Amino acid sequence: MTVDPLREKVLAPISDTELERRWKAVRQVMDDRGIDYIVAQNNNDYLGGYVKWFTDFPAVHAYPAAVVFARDGEMTTITHGSSDPTKAGPAPWLARGATKRISTPIMLSLNYTCDYDGRKVVEELAPKKGCVIGLVNEGGMTAAFSHTIRTHLTSAHFVDVTEEIDWLKAIKSPEEIERIKYSAYIHDVSWEACLAAIAPGVHEFELAAEAKYAARKLGTEQVFVLIGSAPKGKAFPYNSIHAMNRKLEKGDQVGVLIELNDAAGYWCHIHRIACVGDVSDELAKAFQDAKDAQDYSLGLVKPGADPVEILNANNQFLRDRGYPEETRIYAHGQGYDLVERPSFQPGETMKIAAGMNIAVHPAAATPQATALLCDNYIVTETGVGESLYRTPREIFVV
């Protein structure tokens, strides 16, 4: 019996139909703008989802992966690996849609190799004299990659096609929305595992380990958990991974942020608070204000809305209740990127549209309490649906 390696090895491959939908949409953009080739490069699957969107395989662990997508539908992938063309990766069944696969031993820790993938792009496109090349998020490419292409493809005309590709990525198909819902389910399970481990004497990093293990068992590809804790009556902003050695004590307040993608690569994130004992009056009030702020923002999220205007409205809401304004990204899209457009911050030009996966995480912070919650919502034709999580929006007491 013939075994299909894609179905046997890949946990959650996106369908051929979905990939073909994306490629057709990209070709339409290329036709409209007279673009011959689109070039994208990523080196991780946290904030590097373009390669995954084109190919259904991710760039991971700082190993660069690039895509050259031709208007005629041909696609070349360039990844880390053997310089022997007969050993190029990834495997054909994994690089769906790629008519040519090129590997080169590039390592970003080895400075002299950092332009290897750019050189391969030059080799592929140098014969295409006078071609128009659309670059996707050039600012996110490695400097060596972009510089090499621009320096050596002197007859080419370069254009920025980021806006169009970001728009296509931001609006999710029904198949993608189902995967996002499953990602949210993994977050629920991960949070439940973390909550069950909260107790006096447990270190913050041990709580994170429980959450990560639960997520890994459900096929998550990447997961990180940030935790902050403090005695009752004190603020507890969460800490980064290397600063989570604090041991919990009775009476503590604990904030947990879980951010992961499912086996298909779709990100969501959730934040909840637990108390080892009673909830302080300050925390209860701040949490209710943060919850009200989230509801207020969600009421403004609808097709055509401007994220920057929603940010300004949220800041007025916070000022009216005596809290500092948001100076971070307090709401944003998610998909193959942990933070995806549209972002609710100055400079964003993309408007809200149906089919987007939006995460809203306002904060109400005082010297005595840190109140933050985070949930994901799918934008509908009239607003947003219900939270994708089954976890209640409440403070948990253990």
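Structure: above.
Predicted, not measured: the structure shown is a model, and the values here were computed from it. (Residues numbered from 1 in each chain as written. Predicted model: local features only at pLDDT ≥ 70, side-chain atom pairs only at ≥ 80, totals over all residues. Heavy atoms only, no water.)

J.: Please set out the nonpolar core residue by residue, giving values where relevant.
T.: By size, the foremost hydrophobic cluster in this structure holds 62 residues, and its most contacted members are Val26, Ile38, Phe54, Phe69 and Ile165. Of the residues forming this core, the biggest block, seven residues, is contributed by helix H7 (residues 174-197). In this view, Phe69 contacts Trp23, Val26, Arg27, Met30, Asp36, Tyr37, Ile38, Phe54, Glu74 and Met75; residues no more than four positions away in its chain are not counted. Grouped together as the second largest cluster of nonpolar side chains are 19 residues, Val39, Cys131, Ile133 and Phe158 included. (Core = buried A, V, L, I, M, F, W, Y, C linked by side-chain atoms within 4.5 Å. Buried < 20%, exposed > 50% of the residue type's maximum accessible area, 1.4 Å probe, protein only. Helix = DSSP H or I, 4+ residues; strand = E, 2+ residues; numbered from the N terminus. Contact = heavy atoms within 4.5 Å.)

J.: With reference to specific residues and values, describe the pairing of strand E11 (residues 340-343).
T.: Side-chain direction in a regular strand flips from residue to residue, so the side chains alternate between the two faces of the sheet. Note that strand E10 (residues 331-333) and E11 share two bridges and pair antiparallel. For Gly333, the partnering residue across the bridge sits in E11 and is Glu340. In this structure, the hairpin formed by E10 and E11 is closed by a connection of six residues. (Pairing = 2+ DSSP bridges.)

J.: Kindly report on the packing of aromatic side chains, identifying the contributing residues and their values.
T.: Within this structure, the stated rule accounts for ten aromatic pairs. On the numbers, 5.5 Å between centres and 40° between planes, the contact of Tyr46 with Trp267 is tilted. Of this pair, Tyr46 sits in the loop between strand E1 (37-42) and helix H3 (50-55) while Trp267 sits in strand E9 (residues 267-275), and the two are 221 residues apart along the sequence. Summarising the aromatic geometry, the rings of Tyr266 and Tyr336 are spaced 4.5 Å apart at their centres and angled 25° between planes, so their arrangement reads as stacked. Placement of the pair is Tyr266 in the loop between strand E8 (253-261) and E9 and Tyr336 in the loop between E10 and E11, with a sequence separation of 70 residues. Judged on exposure class, the residue Tyr266 and its partner Tyr336 are both buried. Linked through ring pairs, Tyr46, Phe224 and Trp267 together constitute an aromatic cluster. Sitting over the ring of Phe158, Arg150 keeps its end group 4.8 Å from the ring centre. (Phe/Tyr/Trp six-rings, centres within 6.5 Å; stacked < 30°, edge-to-face > 60°. Lys NZ or Arg CZ within 6 Å of the ring centre and 35° of its normal.)

J.: A description of the sheet that holds strand E15 (residues 375-378) should follow, citing residues and the corresponding values.
T.: Read from one edge of the open sheet, four strands run E11-E10-E12-E15, paired in antiparallel fashion. At either end of the open sheet lies a strand with only one pairing partner, and these are E11 and E15. Strand-to-strand twist across the sheet, computed as the mean angle between neighbouring axes with direction ignored, equals 30°. (Axes fitted to C-alpha atoms, helices over the stretch in contact; angles between N-to-C directions.)

J.: So what's going on with the side chain of Gln222? Which residues, and what values?
T.: Examined against the element boundaries, Gln222 turns out to sit in strand E7 (residues 222-230). Assessed through its relative accessible area of 7%, Gln222 is described here as buried. At 3.2 Å, the side chain of Gln222 forms a polar contact with the side chain of Asp45. At a separation of 3.0 Å, a polar atom in the side chain of Gln222 contacts the side chain of Tyr46. When residues no more than four places from it in sequence are discounted, the contact partners of Gln222 are Asp45, Tyr46, Val60, His61, Arg216, Glu259, Leu260, Asn261 and Trp267. (Polar contact = N/O pair within 3.5 Å; in protein donor to acceptor, adjacent residues only side chain to side chain.)

J.: Tell me what's going on with the sheet that holds E8, and back it up with residues and numbers.
T.: Within the open sheet, the four strands sit side by side as E7-E8-E9-E16. Their pairing is mixed. Of all strands in the sheet, those with a lone pairing partner are E7 and strand E16 (395-397), marking the two edges. Strand after strand, the sheet turns through a mean of 25° between neighbouring axes, direction not considered. Strand direction decides the pairing type here: E9 and E16, joined by three bridges, are parallel. Residue pairing for E16: Ala274 is matched across the bridge by Phe396. Running at roughly 25° to E9, H7 makes contact with E8, E9 and E16 of the sheet.

J.: Residue-level account of the pattern of salt bridges, with values.
T.: If you walk through the whole model with that rule in mind, you get 32 salt bridges. A salt bridge links Lys169 to Asp337; its shortest N-O distance comes to 2.7 Å. Of this pair, Lys169 sits in helix H6 (residues 162-170) while Asp337 sits in the loop between E10 and E11, placing them 168 residues apart in sequence. The exposure classification of Lys169 matches that of Asp337, with both residues buried. (Salt bridge = Lys/Arg side-chain N within 4 Å of Asp/Glu carboxyl O.)

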